[in-house]
Amino acid sequence: MKPIITGLTSLNRELRAVWMLLFVGLVLFIATPLFLTGDNLLNVLLAASVTALLAAGQTYVIILAEIDLSVGAILGISGIVTAFTLQDQPLVVGLLAGWGVGALAGLVNGLLVTKLRMPSFIATLAMMSVLSGLTLQLSQGNPVSIDDDAFLAIGQASPLGVPNPVWIMLAAFVVFGLVLARSRYGRHVYAVGDNEDAARLAGIEVHRVKILAFVISGLLASTAGFILAARLGTAQPTAGTGLELAAIAAVIIGGTSLAGGRGALAGTLIGALLLGVIDNGLNLLDVSPFLQGVVKGLVILVAIFLDRNSDRVRALTRLVRPRRPGSGADADTASPTTTGGTP
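Conventions and cut-offs
Residues numbered from 1 in each chain as written. Predicted model: local features only at pLDDT ≥ 70, side-chain atom pairs only at ≥ 80, totals over all residues. Heavy atoms only, no water. Helix = DSSP H or I, 4+ residues; strand = E, 2+ residues; numbered from the N terminus. Buried < 20%, exposed > 50% of the residue type's maximum accessible area, 1.4 Å probe, protein only. Salt bridge = Lys/Arg side-chain N within 4 Å of Asp/Glu carboxyl O. 1 Å grid on protein atoms, 1.4 Å probe; cavity = no way out; pocket = protein on both sides within 12 Å on 5 of 7 lines; lining within 4 Å. Points joined across faces, edges and corners; volume = space filled by probe spheres on them. Nonpolar A, V, L, I, M, F, W, Y, C, P; charged D, E, K, R; others polar. Contact = heavy atoms within 4.5 Å. pLDDT = per-residue confidence, 0-100.

**Concerning unusual backbone geometry**
For residues that are not glycine, phi is negative in most cases, and the peptide bond is trans in most cases. Although it is not a glycine, arginine 117 sits at a positive phi angle of roughly 55°. For leucine 160, which is not glycine, the phi dihedral falls at a positive 60°. Within the secondary structure layout, leucine 160 lies in the loop between helix 7 (149-156) and helix 8 (164-182). Classification of leucine 160 as exposed rests on a relative accessible area of 80%.

Now the structure itself:
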């Protein structure tokens, strides 16, 4: 029975964002009839798709107890490089160019963290600055238009009535979720994040695991760049500014521990949807955009508090829970029985 209870407790801890999402959804359903409509829910999924893809790659990195601040910049430069490539090359070449930029940036991040032993915060912060500068230099600060209809369909087509970005988001979470949960590499990611020294002693190639995680993060950031550029019809040099923070927030809200070794892509997806629902609901309620950041910040603080104080929260829950007769302290004060029969 104890392993079952422990497993259920762990699942509830990792997917606590589900309860937050249901609560926010219920509040918005009561506050405005426009929220729970088919078109609006599709808008939520569409708006959350970019953040969700960035957060999916970020989940791999954070489970390793690292962080990637360059995903927004990778999104921006991948979109610009792809837009320039599509001016005289077919779609496949343009996509490969964008993915190549993302993979290369992730590879450099991984090498800086593993081979040069730089803290990931500093290494990816520097990479963010480098890539942002390169993006502005390549585009001269101007948006780059895209006329390739096949590429534009990535962000604008709606097979079966569902926008393409939503299908791409779901496919990415299924594929990379299975890799993380079921593959040997996924087990290594959790092992390294939980205890890097023990993983190394167990024969796991720690450097390879970390480098590949940063490459995955870069590839998914490039994919998010494709979606954003295709939706807008232009590649904006500042498109990814600030999105790295939203991605990190989605990962934390989804239950992935900043200390490493714990997390799941299912929780990250719920976290990204929660942020999307909050944005959508605040817009429907005509809340000032200046206050929207305050609300999202408070949600993130609550999620971090629950992550770092889950033991205290459970202890408080046990204190306020009514005791059953004959259990706990009641049992300790019960009259002792004699071993020699009744006198």
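**Points about the pattern of salt bridges**
Counted under the stated rule, the structure contains 5 salt bridges. A salt bridge links glutamate 205 to arginine 208, with the shortest nitrogen-to-oxygen separation between them at 3.5 Å. Salt bridges linked by common partners bring Glu66, Glu196, Asp197, Arg200 and Lys210 together as one network.

**Side note on empty space enclosed by the protein**
If you walk through the whole model with that rule in mind, you get 1 cavity of 30 Å³ or more. By volume, the largest cavity amounts to about 50 Å³. Lining of the largest cavity is provided by Leu75, Gly76, Gly79, Ile80, Gly225, Leu228, Ala229, Leu232, Thr234, Ala235, Gln236 and Ala239. Across the lining of the largest cavity, the residue classes break down as 7 nonpolar, 5 polar and no charged.

**Brief notes about the side chain of serine 139**
With respect to the secondary-structure elements, serine 139 resides in helix 6 (residues 120-139). Assessed through its relative accessible area of 5%, serine 139 is described here as buried. With sequence-adjacent residues up to four places away left out, serine 139 is seen in contact with Ile80, Phe84, Val144 and Pro237.

**What about the confidence of the model for the chain?**
Per-residue pLDDT for the chain averages 87, and the proportion of residues at 70 or more is 85%. Taken as a whole, residues 1-10 scores under 50 in pLDDT and shows 1 contact with residues more than four places along the chain or in a different chain. Note that pLDDT drops below 50 for residues 327-343; the model gives that stretch 4 contacts with residues more than four away or on any other chain.

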